[in-house]
Amino acid sequence: MKEPVLDHIGIAVASLGEGLALYRALGLEAEGTEEVPGQGVRVAFLPAGDARIELLEPLGEDSPIARHLDRRGPGIHHICLRVGDIRATMARLREEGFELLSEEPQEGAHGMLVCFVHPRSAGGVLLELSQPAPSRP
Ligand code: ZN
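Notes on the structure follow. None of these values were measured; they are calculated from a predicted model.

Here the focus is the overall build of the chain. Tallying secondary structure elements over the chain gives three helices and eight strands in all. Each helix (α) and strand (β) of the chain, taken in turn from the N terminus, gives the series β-α-β-β-β-α-β-α-β-β-β. The dimensions of the chain, computed from C-alpha atoms along their principal axes, are 40 × 35 × 30 Å. Across the 137 residues of the chain, 43% fall into the buried class. Summarising the internal contacts of the chain: among those between residues at least 6 apart in sequence, 51% fall at separations of at least 24. Carbon and sulfur atoms make up 53% of the accessible area of the chain, which amounts to about 7,900 Å² in all. Of the side-chain charges in the chain, 13 are positive and 21 negative, and the distance between the mean point of each set is 3 Å.

Structure below.
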């Protein structure tokens, strides 16, 4: 498949329960929820065709999602593009002048490798790059 592909759209919610109820009313069901302490969030992924909706609830006051909710309220937080080789993509984007929020890929949900790109270098959109976890023996 040609990459990148749209993997998911991340949406900040104050409460996963309320978010899940809203999307259930729209016909979308979560695959399950997961805590990602490294990112300060609890997440639920809702398959929607070839892409997914990711609901993000803050784990604490210092979570980036808590800051987003304080400043802007609930709503779209980021979009995520899936790539085959995140390190190669990061190196290429760095050369192109994109501002990456970490030097190295971080661990995201489902053991994926992720990296965020600052919105001021990406047309006002917080971009997440992800690479699926290598299958473990
Ligand atoms: Zn995400």
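In this structure the tally under the stated criterion is zero aromatic pairs. Stacked on the ring of Phe45, the Lys or Arg Arg52 has its end atom at 4.3 Å from the ring centre.

Distances from the zinc ion to its protein donors, His8 (NE2), Glu54 (OE), His78 (NE2) and Glu128 (OE), fall within 2.0 to 2.1 Å. Metal-centred angles of 87 to 178 degrees between the four donor atoms at the zinc ion mark the site as irregular. Donor residues binding the zinc ion come from one chain and are separated in sequence as H-x45-E-x23-H-x49-E. Here the residue His8 occupies a position in strand E1 (residues 5-12), and His78 occupies one in strand E5 (residues 75-82), the gap between them amounting to 70 residues.

Attention shifts here to the side chain of His118. Inspection of the secondary structure assignment puts His118 in the loop between strand E7 (113-117) and strand E8 (127-131). The exposure class assigned to His118 is buried, which follows from its relative accessible area of 18%. A polar contact of 2.9 Å, which involves the side chain of His118, links it to the backbone nitrogen of Arg120. Residue contacts for His118: discarding those within four places in its chain leaves Glu99 and Leu101.

What follows deals with the sheet that holds strand E4 (residues 51-58). An order of E2-E3-E4-E1-E5-E8-E7-E6 is seen for the eight strands of this open sheet, with the pairing classed as mixed. In this open sheet, the two strands that pair with only one neighbour each are strand E2 (33-36) and strand E6 (106-107). The sheet contact formed by E1 and E5 spans seven bridges and is antiparallel. Across the sheet, the residue bridging to Ile11 is Ile76, located in E5. Contacting E1, strand E3 (41-48), E4 and E5, helix H2 (residues 64-72) runs over the sheet at an angle of about 85 degrees to E4. Set on the sheet, helix H3 (residues 86-96) makes contact with E7 and E8; between it and E8 the angle comes to about 145 degrees.

Cut-offs used in this document
- Residues numbered from 1 in each chain as written.
- Predicted model: local features only at pLDDT ≥ 70, side-chain atom pairs only at ≥ 80, totals over all residues.
- Heavy atoms only, no water.
- Helix = DSSP H or I, 4+ residues; strand = E, 2+ residues; numbered from the N terminus.
- Buried < 20%, exposed > 50% of the residue type's maximum accessible area, 1.4 Å probe, protein only.
- Contact = heavy atoms within 4.5 Å.
- Areas by Shrake-Rupley, 256 points an atom, 1.4 Å probe, with all protein chains shown as cover.
- Lys, Arg positive; Asp, Glu negative; His and termini not counted.
- Charge placed at Lys NZ, Arg CZ, Asp CG, Glu CD.
- Phe/Tyr/Trp six-rings, centres within 6.5 Å; stacked < 30°, edge-to-face > 60°.
- Lys NZ or Arg CZ within 6 Å of the ring centre and 35° of its normal.
- Donors = N, O, S within 2.8 Å, 3.2 Å for Na, K, Ca; no water.
- Tetrahedral: all angles 85-135°; square planar, octahedral: opposite > 155°, others 65-115°.
- Polar contact = N/O pair within 3.5 Å; in protein donor to acceptor, adjacent residues only side chain to side chain.
- Pairing = 2+ DSSP bridges.
- Axes fitted to C-alpha atoms, helices over the stretch in contact; angles between N-to-C directions.

Honestly, it's all geometry; don't read function into it.
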